[in-house]
Amino acid sequence: MRLILEVWRQASPQAQGHFEPYEIADAREEMSLLELLDRLNHQLIEANQDPVAFESDCREGICGTCGIDVNGTPHGPEDNVPACGQHVRSFHDGDTVRIEPFRAAGFTIIRDLIVDRTGLDRIIQAGGTVAVDAGTAMDADSVLVTHEQSEQALDFAACIGCGACVSACPNGAAYLFTGAKLKHLSLMPHGRMERGKRAVSMVAQMEHEFGPCSQIGECALACPAGVPLSAIATVNAERLRAMLRHRDN
Amino acid sequence: MSSETTYRPDADPIPSAARPAATPAPFPPTWALKVTMAVTGSIFVAFILFHLAGNLKVYIGAEDFNHYAEWLRHLLNPLIPGSGFLWAFRAVMAISLVLHVYSGITLWVRARRARGAHARRFLVRRLGSRTMIWTGLIVLCFIVFHILDLTVGKIVAAPGFAPDDAYSNLIHSFERPAVALFYGLTMALIAVHISHGIWSVVNDLGGTGTRLRAVVFALAGAIAVVVAVANLSIPIAVQLGFLTVG
């Protein structure tokens, strides 16, 4: 299968970026999009050119490291699948595929397809944690959690922090990301101790670097972890709760 | 963990890639602006529904319609004397409008900044979400026109405006084809605006329940359609000659 890749090339955060067309003559349907980029890089190295810088790690959809916009869609044409799980079979022979880094004012491009997503880390640092003693594991049954509650918490804990929601959002908002963490921790007994403080801190940090939510819904379509759209409502729910209660928990 | 978030909250050595947020925290906070929009927007939707109920009295007849208009001016008499309630109500509407427009424009500016230089391709076809600012600004112009036309009776009002004959004022205004068309188009825009607006209320006020969200989503569309169709019927009825003076 022959594909034309238009890849964003940018040498440094300050440099002017541009799309560079490359031809892949021997793309195969079963290749993932990351393998397609690997193929391109082999080609570039053989031709003594600079390979395209992109991030990847587990390549099985659990780490959140990979992240590219493909034809304007975060991760690729399939909904709720990370780039490593998107395949060349989504395209046809002779197609032009435009590959660019995640786009948002909060994501500075470091090089080519790599963006600085530490803005998301800072939201987690602002309160996406629980203050428990890390030491000998406590008895498994000493804090009881219902099955339903743990399942629901897991749905929101599924977020892998890839940043696709921000890139998908026309407002550059990180509501799905922040809401997922707020919801996840609000459902767990340990997380609930700091529920109010966490909401105030994480929402403030989110607003530093990311935009407001307009309930468009692009984020939930892009999310490779399938975090439900209700996470965006959680942000204001938790923040309002903290305002009304004025307590740490 | 603290609300002072300009700096990293913990004392770990800062990784080279991580840097404190360069931008200051926005003020007023985004979440507060969203809540303001939701509350004031809800007031407007409630008003639109009451307004619609009043509008439909035009089909009962001139006397009924004018009687209703007069009743509005003396609402809650004698508890609140004269037009006291009317003016208090107008004050609430004016304050809500200022807050709604201010919040909307501020959020729009923040959203454009946070998007960055690159446009997004749209997968979700929720027309309302992208056009809120534009439908909102057009509706704002409409409100000014509407008040001048049928409340104050100046500049854009039809000739022969009479403060005590709301029915005739309405019919004469809608007998002008351009005005009827403008009202019609604005009703369509209001429908687009409130269909997304009502759906946003449930999100902004933190409604996370599956059933609640489904109900409000459906309700948003239904209210928008009812408001548009029922209000549109009046200029159409006037233009077709079903509603006339005398």
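Definitions and limits used
- Residues numbered from 1 in each chain as written.
- Chains lettered and ligands numbered in written order.
- Predicted model: local features only at pLDDT ≥ 70, side-chain atom pairs only at ≥ 80, totals over all residues.
- Heavy atoms only, no water.
- Contact = heavy atoms within 4.5 Å.
- Buried area = accessible area lost by both parts, 1.4 Å probe.
- Salt bridge = Lys/Arg side-chain N within 4 Å of Asp/Glu carboxyl O.
- Polar contact = N/O pair within 3.5 Å; in protein donor to acceptor, adjacent residues only side chain to side chain.
- Helix = DSSP H or I, 4+ residues; strand = E, 2+ residues; numbered from the N terminus.
- Buried < 20%, exposed > 50% of the residue type's maximum accessible area, 1.4 Å probe, protein only.
- Axes fitted to C-alpha atoms, helices over the stretch in contact; angles between N-to-C directions.
- Left-handed = near helix turned anticlockwise from the far one by under 90°.
- Nonpolar A, V, L, I, M, F, W, Y, C, P; charged D, E, K, R; others polar.

Draft legend 1. Up close: the interface of chain A and chain B. Of the residues lining the interface, 57 residues belong to chain A; the matching set on chain B comes to 49 residues. Interface of chain A and chain B: buried area, both sides summed, is about 4,200 Å²; carbon and sulfur atoms make up 57% of it. Looking at the side of chain A facing chain B, the largest losses of area belong to A:Glu207, A:His208 and A:Gln215, adding up to 17% of the total buried there. Connecting chain A to chain B are zero salt bridges. Our count for the chain A to chain B interface comes out at 10 residue pairs in polar contact (both at pLDDT 80 or more).

Draft legend 2. Main features of the pattern of salt bridges. Applying the stated criterion across every chain yields a total of 15 salt bridges over all chains. Of the charged contacts in the structure, one is a salt bridge between A:Arg59 and A:Asp38, with a shortest N-O distance of 2.7 Å. Of this pair, A:Arg59 sits in the loop between helix H1 (33-46) and strand S3 (69-70) while A:Asp38 sits in helix H1, placing them 21 residues apart in sequence. On the basis of relative accessibility, which here comes to 30%, the residue A:Arg59 falls in the partly exposed class. A:Arg103 is paired through a salt bridge with A:Glu100; the nearest N and O atoms lie 2.8 Å apart. Neither residue differs from the other here; A:Arg103 and A:Glu100 are each classed as buried. Each member of the salt-bridge network shares a partner with another, and the members are B:Glu70, B:Arg73 and B:Asp164.

Draft legend 3. A look at the packing of helix H1 (residues 30-55) of chain B against helix H7 (residues 210-239) of chain B. All names here are of chain B. At their nearest, the axes of H1 and H7 sit 10 Å apart, and the two run at 30° to each other. Two packed elements cross with a definite hand, and for H1 against H7 that hand is left-handed. For the pair formed by H1 and H7, the contact residues are Ile48, Leu49, Leu52 and Asn55 on the first element and Ile223, Val226, Val227, Ala230, Asn231 and Ile234 on the second. Tallied by class, residues from the contact of H1 with H7 come to eight nonpolar, two polar and no charged.

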